[in-house]
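This is what each chain is made of:
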Amino acid sequence: MTHNERDGPVIVESKHTLDAALAPASTLAAKRGASPGFETASPKFAPGTNCFGKVEDLEAMVPAEWWAQVFSDSMYLKTDGDVVEDPEVTRQEIAILEKDSEIKAIFERGKDSKSKPARILDLCCGQGRHTLHLAKAYPNLLCHGHDQSKYLISVGNERASQAKLVNQPVYTVGDCRQIPYKDQIFDFVMLMGNSFGYFKAEDGDRRVLEEIFRVLAPGGRVVLDLTDGGYMRENFAERSWEWIDDTTFVCRERQLSGDKLRLSSREVITVTDRGVVRDQFYQERLYSREELSATVLEAGLEVVPLDAHKHLGPATEKVVSMMGEMTVADQLSKRQEDLGMMSHRMIITAFKPATTKPLDIVKAPLLQSSSISVSRVPTPLQPHTFESLILCMGDPSQPCVGKLNNTWNPEDFITRDKLYAALGSLGYIPEKNLTIIDTHSTLHETMKKLPKDKKHFVFNLCDEGFDNDAMKELHVPAILEMLGLPYSGAGPNCLAFCYDKGLVNRTADALGVPTPRETFFLSDIQTPAVSTIANLDKIIKEDIKYPAFIKPIKGDNSLGITPRSIVHNVTELETYMKELNGIGIRDIIVQEYCRGTEYGVGVIGNLASGFHFFPILEVDYSKITARNLAPILGFESKWDPTSPYWSEISYKPAKISDKVRHELQQWCIVLWERFGCRDYARFDFRCDYGRGDGFEAPGERRGTIKLLEVNPNPGWCWDGKFAYMGSFENKDYKDVLGMILKAAHDRVAHEEMQATTSQHQK
């Protein structure tokens, strides 16, 4: 949810013009140096024709997740700039919070060596105006912001970098029902600017409060700032219009739902020389103070009564009024026009008891950010089960290039048996609701002939590729796309992109994600950059440096990655390249050899529903290095049970600072979006030297953690990295599989809902 929602759209720095707000996504991206694929599309109608005309029922026109559209580009910060872009409004809103001595004391923690700095979260932070103000006013504070709008978060990050703050705020992107932090980490959580009550079902609002309860430390404070629903029910303007500037005006319509619980709004934005440029609908739940207080209490938080603020100062009545109301926008808005839902706001202050009673323990219905959530819910939620699960896998009747001896081994069948057992524990039983399809010669026809009387979902675990050809991994989802069958994991384009390691690294570098220094060598074509082995040797010596690391440009299963991939001179370089040519690998990447700590980041979820980040994994090479072997994860570690690389490499939770962890997570979100990952993925990183963990001693140079690989549809086996990551938070193999299926189910349901809404609007 984006905060600072007044009554309408959202987004853009005050310096942006309307032209920027209406420019095509690729133009905006180019101006900011971003990838064109990382922007939300501009309005789908041509200027002058993008208006729905007269609408009788506003509620029927509201998209299920309207906030994803309303807050997706630069219009919000233009239309609502008189409130959400005015520094004085922000300053006075924070000043009201500072009137509470408990909150003020939290802000001031860490000013001296006697106390530890407080960690605060601005949930639904928008462009980060409150966190940026607090970071400037209280350099000791550790400020975090979380919002669903990638655009607004990018604005916040840009402003934070320009401000040169002592402690930079850490911003994350995702659903507010999925806060990507571990339990009891924050001393203060604020939800400002009317960013509550967006969900059609009130369970969504409850889940937000349950997540706040989860991440809030015992004794921590919460502030909710939103429209007084009791007042708004009786006083909303059914129609209004206002000039935004000399050429732009906004017309608004509002309707109260039949039960008087929700207010639906419409906003038509017009530019005098272009006509209507936007027509959008949104809806919010109207909570009275009593209703909201009861909902907060239900989540396990204790509401602070207004009269409890009487100790705050001599002017008791004024102070109590200030802590109960947020009237800054009404007083300071420069336009003094229709403030809509940003008008007549109320403040609810609450805290998490220092000792809490045991709550009903359930696995949260959405993916959790760390451990299993402890939540109070109205009724237990049952895990979703697909009516018909189709398990698509590699074909054991054919050879499989890349496995040991290019064939199926006993370990492969043991792995399958463990998969079947785990799925059985989730309720998927062969001949009942589970169908296994692994004969590729008839795969298309078998999928095509699936019974039409059931709703099928394909669990695509065919990472061997169609006909067990890793180059054809993308063919399986392509077949499913053509047949119209929903499936788990990445689509064909994502798999094609990420199969090409050179493409991944160059794209990541352009996005600002650190990557190893590298060059390419194509055996059959002389390129302008690298034409001969001698030329390649020169580039390595001058730019990459020995020892260098050689791997195939395209590939899977670590084929072509061995201890001999590390080369120290031109002789070793030439020898290993000949070895690769002998197994058909002609095109290679030559990279700097990163010899520091190796990390893995596992992600489950999607942008619409939020992300679950497993605890970050560290590869433990201590037994390997004790044998004087090269510390790498290569072919032998995956496929050769007789090798020490198979038996003596282990995994453990990484010990890294919060700052480094969040940095890695932000990189993963950017890469996820750019390459189009879905449901689950793994991102592998390695430090160029040392640990890069953020715990360096004063004056010690920190190593740089660099991207090694993006793995959509990563290994699903019971003893793989993904399963290990789940075990770090006490999840077993079936739990991890269930989380992947849940993420896929939520994504497909969201896509179907969007398609239905779009059809309805037509």
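Keep in mind it's a predicted model, so treat the numbers as computed, not measured. (Residues numbered from 1 in each chain as written. Predicted model: local features only at pLDDT ≥ 70, side-chain atom pairs only at ≥ 80, totals over all residues. Heavy atoms only, no water.)

S.K.: What's the story with the overall build of the chain in this structure? I'm lost.
M.R.: A tally of regular secondary structure across the chain gives 27 helices and 25 strands. Evaluated residue by residue, the chain yields a buried proportion of 57% over its 762 residues. Taking as baseline every contact in the chain between residues at least 6 positions apart, the subset at least 24 positions apart corresponds to 73%. About 31,400 Å² of surface is accessible on the chain, with carbon and sulfur atoms providing 53% of the total. (Helix = DSSP H or I, 4+ residues; strand = E, 2+ residues; numbered from the N terminus. Buried < 20%, exposed > 50% of the residue type's maximum accessible area, 1.4 Å probe, protein only. Contact = heavy atoms within 4.5 Å. Areas by Shrake-Rupley, 256 points an atom, 1.4 Å probe, with all protein chains shown as cover.)

S.K.: How should I be thinking about helix H17 (residues 475-483) in this particular structure?
M.R.: In an α-helix there are 3.6 residues to a turn, and that puts residues three or four apart on one side. Every buried residue belonging to H17 is among Val476, Pro477, Ile479 and Leu480, and all of these are buried. Projected down its long axis, H17 shows its buried positions confined to an angular sector of 155°, all on one face. On its buried side, H17 packs onto strand S13 (388-392), helix H16 (443-448), strand S15 (456-460) and helix H18 (492-499). Downstream of H17 by a residue or two, Gly484 has a phi angle that is positive, lying close to 75°. (Arc of directions from axis to C-beta.)

S.K.: Looking at this structure, how should I read the side chain of Arg686?
M.R.: Here Arg686 is to be found in strand S24 (residues 679-687). In terms of polar contacts, Arg686 uses its side chain to reach the backbone carbonyl oxygen of Pro631, at 2.8 Å. (Polar contact = N/O pair within 3.5 Å; in protein donor to acceptor, adjacent residues only side chain to side chain.)

S.K.: I tried to follow the packing of aromatic side chains on my own but got confused; where do I start?
M.R.: To describe a pair of aromatic rings, one takes the distance between the centres and the angle between the planes. The full count for this structure, using the stated rule, is 24 aromatic pairs. With a centroid separation of 5.9 Å and 55° between ring planes, the pair formed by Trp66 and Phe71 is classed as tilted. With a centroid separation of 6.2 Å and an interplanar angle of 70°, the aromatic rings of Trp241 and Trp243 are classed as edge-to-face. You can call Trp243 partly exposed: its relative accessible area is 37%. Chaining the aromatic ring pairs together yields one cluster made of Trp66, Trp67, Phe71, Tyr198, Phe199 and Tyr282. Seen from the ring of Tyr287, Arg285 lies directly overhead, with NZ or CZ sitting 4.3 Å from the centre. Note that Lys418 overlies the ring of Trp718, its terminal NZ or CZ placed 4.6 Å from the centroid. (Phe/Tyr/Trp six-rings, centres within 6.5 Å; stacked < 30°, edge-to-face > 60°. Lys NZ or Arg CZ within 6 Å of the ring centre and 35° of its normal.)

S.K.: Just to check I follow, could you spell out unusual backbone geometry for this structure?
M.R.: Glycine aside, a negative phi is what most residues show, and trans is what most peptide bonds show. For the bond from Tyr546 to Pro547, the omega torsion is -5°, close enough to zero to count as cis. In this fold, Pro547 is placed in the loop between helix H20 (533-544) and strand S17 (548-552). In this structure, Cys124 takes a positive phi of about 65° despite not being glycine. Position of Cys124 among the secondary structure elements: in the loop between strand S1 (119-123) and helix H8 (129-137). Taking the relative accessible area as the measure of exposure, Cys124 reaches 0% and is therefore buried. Of note, the phi angle at Asn628 is positive, near 65°, even though the residue is not glycine. Relative to the helices and strands, Asn628 is located in the loop between helix H22 (622-626) and helix H23 (635-639).

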